[in-house]
Amino acid sequence: MLKLDQVSVRYGSTIGVERVSLHVREGELVTLIGANGAGKSTTLRAINGLEPLASGTIRFDGHLVSGATPAAIIELGISHCPEGRRVFPQLTVRENLEMGAYRRTDRQRARDDMERLLDKFPRLRERIKQTAGTLSGGEQQMLAIARALMSRPRLVMFDEPSLGLAPNFVEMIFDLILEIRREGVTVLMVEQNAYAALEMCDRAYLLENGRIVKDGTASEMLADPAIRRAYLGG
Ligand code: ATP
């Protein structure tokens with residue numbers, strides 16, 4: 001479904017990622033793990049059209065995505081739930097959700113989708129008229145997830161969905177991601193909590209200094225002695 005071939009991104013003379021090749025099959029939950037600065041966010045931003053490629057190609061369902069605008073990429077069916085939640089703090093919960101559907105022309109179906117999402121996220125329904133900046137961190141993360149689903153994506157990318165959340169919210173957010181995947185949406189996720197990520201994914205890629213140094217099924221990665229030492233606390 002998604003295929004990156006030898007993708008490089010540079011920030012001036014700094015390497016963001018170097019020759020990253022990876023793929024995600026339809027229906028899979030794939031995670032990128034690695035230390036801070038390894039290039040995980042850069043990989044997602046490249047897929048979204050937010051970073052120009054220094055080299056390489058990105059294809060989604062065979063369509064060339066590299067070089068397309070972020071809006072065109074959303075229309076192809078890729079959605080991004082960015083790091084740090086990035087909801088619009090001055091807008092209400094409803095307005096934030098509407099922003100997630102701004103490219104859609106099927107307004108009635110978009111309204112129906114919002115209702116379904118509000119059934120799934122009752123805390124958001126209770127706070128529908130509140131401005132997003134007044135929500136707790138976990139609620140903002142829920143809003144960011146719901147907003148990312150408002151474009152009816154086939155592939156959704158989560159960047160550090162558990163960052164900064166209380167443990168009970170972390171569990172709730174991971175359950176939501178698993179549920180989204182059960183409903184048929186393909187997921188590519190970046191997580192600093194490597195153990196939780198490997199527990200819930202099908203396959204994973206390990207990034208170090210902008211390069212993919214290892215990949216495998218979740219159980220292969222969990223059993224790998226070097227990964228256990230460096231990322232899973234031994
Ligand atoms: P983190 O978990 O800290 O976000 P990451 O694995 O997502 O880490 P990236 O944010 O993708 O890593 O960063 C990869 C490299 O690119 C790092 O060396 C980082 O300093 C650099 N980098 C990222 N964004 C920029 C930017 N806007 N300008 C300059 N350098 C950047």
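Residues numbered from 1 in each chain as written. Predicted model: local features only at pLDDT ≥ 70, side-chain atom pairs only at ≥ 80, totals over all residues. Heavy atoms only, no water.

As recorded by an unreviewed UniProt entry, the protein carries the name High-affinity branched-chain amino acid transport ATP-binding protein LivF and is attributed to Variovorax paradoxus. As recorded by UniProt, the Sequence similarities (unreviewed entry) comment attached to the protein reads in full: "Belongs to the ABC transporter superfamily." (UniProt positions renumbered as here; feature names shortened; annotations may be inferred.)

Participant: Tell me about the pairing of strand β8 (residues 186-190), and please be specific about residues and values.
Facilitator: Among the 5 residues in β8, 5 count as buried, and that is most of the element. Judged from the 4 bridges that link them, strand β3 (residues 29-33) and β8 form a sheet pairing that is parallel. Bridge pairing links L32 to V190 in β8. Relative to β8, strand β7 (residues 155-159) runs parallel, the two being bridged by 5 bridges. Counterpart to F158 in the pairing with β8 is M189. (Buried < 20%, exposed > 50% of the residue type's maximum accessible area, 1.4 Å probe, protein only. Helix = DSSP H or I, 4+ residues; strand = E, 2+ residues; numbered from the N terminus. Pairing = 2+ DSSP bridges.)

Participant: I'd like a rundown of the packing of helix α6 (residues 137-149) against helix α7 (residues 167-182), residues and numbers included.
Facilitator: Their axes nearest at 10 Å, the elements α6 and α7 cross at an angle of 10°. Between α6 and α7, the crossing angle belongs to the class labelled roughly parallel. Between α6 and α7 lies a crossing of right-handed hand. From α6, G138, E139, Q141, M142, I145 and L149 reach across to α7, where they touch F169, M172, I173, L176 and I180. In terms of residue class, the contact of α6 with α7 is made up of 8 nonpolar, 2 polar and 1 charged. (Axes fitted to C-alpha atoms, helices over the stretch in contact; angles between N-to-C directions. Parallel < 35°, antiparallel > 145°, perpendicular 65-115°, else oblique. Left-handed = near helix turned anticlockwise from the far one by under 90°. Contact = heavy atoms within 4.5 Å. Nonpolar A, V, L, I, M, F, W, Y, C, P; charged D, E, K, R; others polar.)

Participant: Give a description of the sheet that holds strand β4 (residues 55-60) that names residues and reports values.
Facilitator: Reading across from one edge, β2-β1-β4-β5 is the order of the 4 strands in this open sheet, with antiparallel pairing throughout. What marks the edges here is a single partner per strand, and that holds for β2 (14-24) and β5 (63-64). Here strand β1 (residues 2-11) runs beside β4; their pairing, made up of 5 bridges, is antiparallel. In the strand pairing of β4, K3 is matched with R59. Strand contacts of helix α1 (residues 40-47): β1, β2 and β4, with the helix running at about 115° to β1, the strand carrying the most contacts.

Participant: Hey, could you go over the environment of Q6 for me, with residue numbers and the actual values?
Facilitator: For Q6, the location among the structural elements is in strand β1. Each C-alpha atom, one on Q6 and one on V190, is 19 Å from the other, the two residues being 184 residues apart in sequence. Setting aside residues up to four positions removed in sequence, Q6 forms contacts with R19, V20, S21, S55 and G56. Within the structure, Q6 has its side chain in polar contact with the side chain of R19 (distance 3.1 Å). (Polar contact = N/O pair within 3.5 Å; in protein donor to acceptor, adjacent residues only side chain to side chain.)

Participant: Describe the sheet that holds β7, listing the residues and the values that go with them.
Facilitator: The strands making up a sheet associate through hydrogen bonds between their backbones, and the pairing can be parallel or antiparallel. Strands sit in the order β6-β7-β8-β3-β9-β10 across an open sheet of 6 strands; the sheet is mixed. Single-partner strands in this sheet number two, and they are β6 (78-81) and β10 (211-217). The mean angle between the axes of side-by-side strands here comes to 15°, regardless of whether they run parallel or antiparallel. With 6 bridges joining them, strand β9 (residues 203-208) and β10 adopt antiparallel strand pairing. Following the sheet pairing, L206 is matched in β10 by K214. Each of β6 and β7 is contacted by α6, which is oriented at about 170° to β6, the strand it contacts most. Seen against the sheet, α7 touches β3, β7 and β8 and runs at an angle of roughly 150° to β8.

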